[in-house]
Amino acid sequence: MLPPSLLSTILVCSAAVTSGTTLGFVGVGVMNEALVRGLCTLEVPPEAVVLSPRGAAKAASLSEDFEAATVAADNQQVLDRSDIIFLGVLPAQLEAVCRELRFEPRHTVVSLVSTAPLALLRECCSPAGKVMRAIPLPPVAQHRGATVMCPPHPVVTPLFESLGTAVAVEAEETLLKLMPVTALMGQLYAQQLAAQSWLQEQGVDAGAAARWVGAVYHTVSYDSATPGPDTFASLVEEQTPGGLNEQVLREMREAGASLALRDSLDDVLARIEGRPAAARERTAYSSSPADPSP
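In what follows, the accompanying structure is described. Remember, predicted model here, so these are calculated numbers, not experimental data.

1. What to know about the overall build of the protein chain
Point 1. Secondary structure summary: the protein chain contains 13 helices and 8 strands in total.
Point 2. Along the longest, intermediate and shortest principal axes, the C-alpha atoms of the protein chain span 80 × 40 × 35 Å.
Point 3. Going through the 294 residues of the protein chain one by one, you find that 36% of them count as buried.
Point 4. Sequence-distant contacts in the protein chain: of pairs separated by 6 or more residues, those separated by 24 or more amount to 51%.
Point 5. Counting 20 positive and 32 negative side-chain charges, the protein chain places the averaged centre of each group 5 Å from the other.

2. Focus on the pairing of strand β4 (residues 84-87)
Point 1. The alternating pattern of β4 places I84 and F86 on one face and I85 and L87 on the opposite face, and all of these are buried.
Point 2. In the sheet, strand β1 (residues 22-26) pairs with β4 via 4 bridges, with the strands oriented parallel. By the bridge assignment for β4, V26 is matched with L87.
Point 3. With 4 bridges joining them, β4 and strand β5 (residues 108-111) adopt parallel strand pairing. Looking at β5, one finds that I85 is bridged to V109.
Point 4. With respect to chirality, the unit in which β4 leads through helix α5 (residues 94-99) into the neighbouring parallel β5 is right-handed.

3. Looking at the nonpolar core
Point 1. Ranked by internal contacts, the top residues of the largest apolar core, which has 31 residues, are F25, L35, L51, F86, V110 and F160.
Point 2. Put simply, the parts of the chain that give this core at least two residues each are β1, α2 (30-40), β2 (48-51), α3 (56-65), β4, β6 (130-136) and α7 (156-161).
Point 3. Residue contributions to this core peak at 6 residues, all from α2.
Point 4. Excluding its chain neighbours within four sequence positions, the residues that come into contact with F86 are L23, G24, F25, V26, N32, L35, V110, L159 and F160.
Point 5. Of all hydrophobic cores here, the second largest spans 29 residues; its members include A72, L101, A116 and C124.

4. Section: the packing of aromatic side chains
Point 1. Under the definition given, this model contains 2 aromatic pairs.
Point 2. Both rings, one in F25 and one in F86, keep their centres 4.8 Å apart while their planes meet at 10 degrees; by these two values the pair is stacked. Of this pair, F25 sits in strand β1 while F86 is found in strand β4, placing the two residues 61 residues apart along the sequence. Both residues of the pair, F25 and F86, belong to the buried class.
Point 3. Taken together, the ring pairs connect F25, F86 and F160 into an aromatic cluster.

Cut-offs used in this document
Residues numbered from 1 in each chain as written. Predicted model: local features only at pLDDT ≥ 70, side-chain atom pairs only at ≥ 80, totals over all residues. Heavy atoms only, no water. Helix = DSSP H or I, 4+ residues; strand = E, 2+ residues; numbered from the N terminus. Buried < 20%, exposed > 50% of the residue type's maximum accessible area, 1.4 Å probe, protein only. Contact = heavy atoms within 4.5 Å. Lys, Arg positive; Asp, Glu negative; His and termini not counted. Charge placed at Lys NZ, Arg CZ, Asp CG, Glu CD. Pairing = 2+ DSSP bridges. Right-handed = clockwise from strand over helix to strand, strands pointing away. Core = buried A, V, L, I, M, F, W, Y, C linked by side-chain atoms within 4.5 Å. Phe/Tyr/Trp six-rings, centres within 6.5 Å; stacked < 30°, edge-to-face > 60°.

This is the structure:
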């Protein structure tokens, strides 16, 4: 999380640059819903939010929850009434949806479609004045999100910063290299589930196990929430030689966990860039009690 003083500055700046600006959302799926909920619960929320009827149930719920949110008759009405447009449609639907719409030079378009390159977006959304890509994570709804975006924008970047942490980069190539890290969510949750399951096998109640695992993961990530270039290396080096944390770190490394993580990130990047992943021989980790006999 950002320091309170910096967050307060961002909120003030975000409110100033969006004053009189209407935010429009084409497609109201999981991510756009999270964005609307995050934005509309800020200390200074947007003055007006226009929702597409795509995702009718979520759009209706948002319009009931927030006075600033209204549901448009169709996607074109979203554009007609909005200045900044957030595209949250399925990748397979993007071109068809955008080519049916009449964009204007006054529009700023923010695509949340992870697979759509800027060149395609600029073509489909022409003559929109500004077009960018953003990959936010769902906790933006609680102002605890993380967003990577390209390129930076004087209005949109502060908006995302008000919802957590925003990393804005100039080059689309850099954006693509940052995107694979967002694919670590499932692996993290699976690790937490494995820890909870192990505790239950030791006779710990499922509820207590879940609460403890969640609390520990949340706590240990606190020191790395606002890192500098050397933060992670320093935290690893802090583990006491021969201590319990160092033992787990060493055993996981010996089992190939770090290498497997790097390989998966490489493979995800290849998929994002639309190229074949490197061929590898993978050896599954196995564990069984050692034979005690001499």
